[in-house]
Amino acid sequence: MSMRRDNAEVLTSMISGGVINYLLTLAIFGVSANFALWTTLLFFAVSYCRSLVIRRLFRKGEERK
C-alpha cells in the first residue's frame, strides 16, 4: 500500500476522532470552545504522527516476510 493511502486512512480516522474529542472535551470538562479546540489540535497532531509511524513500522515488518 502506498504512503498516500496510509496518510488518507490515518487522516480519516484522526478527523473523526478529533471531532468526537472536541465535543467530549466541551461536554465533560466545561471548558471554553477555544481551549477545547487548541487541546484537540495538539493531541490530533501528536496522534497523527504516532499512528503514521506505527503503520509504517508494521508495513516494513510485513515486507520482510
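Here, every reference points to the structure presented above.
The paragraphs below set out a description of the structure included in this document. Keep in mind the model is a prediction, meaning the values are calculated, not measured.

**Focus on a nonpolar patch on the surface**
No. 1: Among the surface-exposed residues, Leu11, Ile15, Val19 and Leu23 lie close enough to one another that they form a single nonpolar patch of about 350 Å² accessible area.
No. 2: Turning to its location among the elements, Leu11 is positioned in helix α1 (residues 3-29).

**Some points on the packing of α1 against helix α2 (residues 33-64)**
No. 1: Running from amino to carboxyl end, α1 crosses α2 at an angle of 150°, the nearest separation of the two axes being 9 Å. Taken together, the axes of α1 and α2 lie roughly antiparallel to each other. Remark: the crossing between α1 and α2 carries right-handed chirality.

**Here's the deal with the environment of Leu57**
No. 1: With respect to the helices and strands, Leu57 occurs in helix α2.
No. 2: Along the backbone, Leu57 and Asn7 are 50 residues apart, and their C-alpha atoms lie at a distance of 14 Å.

How each quantity is defined
Residues numbered from 1 in each chain as written. Predicted model: local features only at pLDDT ≥ 70, side-chain atom pairs only at ≥ 80, totals over all residues. Heavy atoms only, no water. Patch = residues over 30% accessible without salt bridge, like charges linked within 9 Å, V, L, I, M, F, W, Y side chains within 5 Å. Areas by Shrake-Rupley, 256 points an atom, 1.4 Å probe, with all protein chains shown as cover. Salt bridge = Lys/Arg side-chain N within 4 Å of Asp/Glu carboxyl O. Helix = DSSP H or I, 4+ residues; strand = E, 2+ residues; numbered from the N terminus. Axes fitted to C-alpha atoms, helices over the stretch in contact; angles between N-to-C directions. Parallel < 35°, antiparallel > 145°, perpendicular 65-115°, else oblique. Left-handed = near helix turned anticlockwise from the far one by under 90°.

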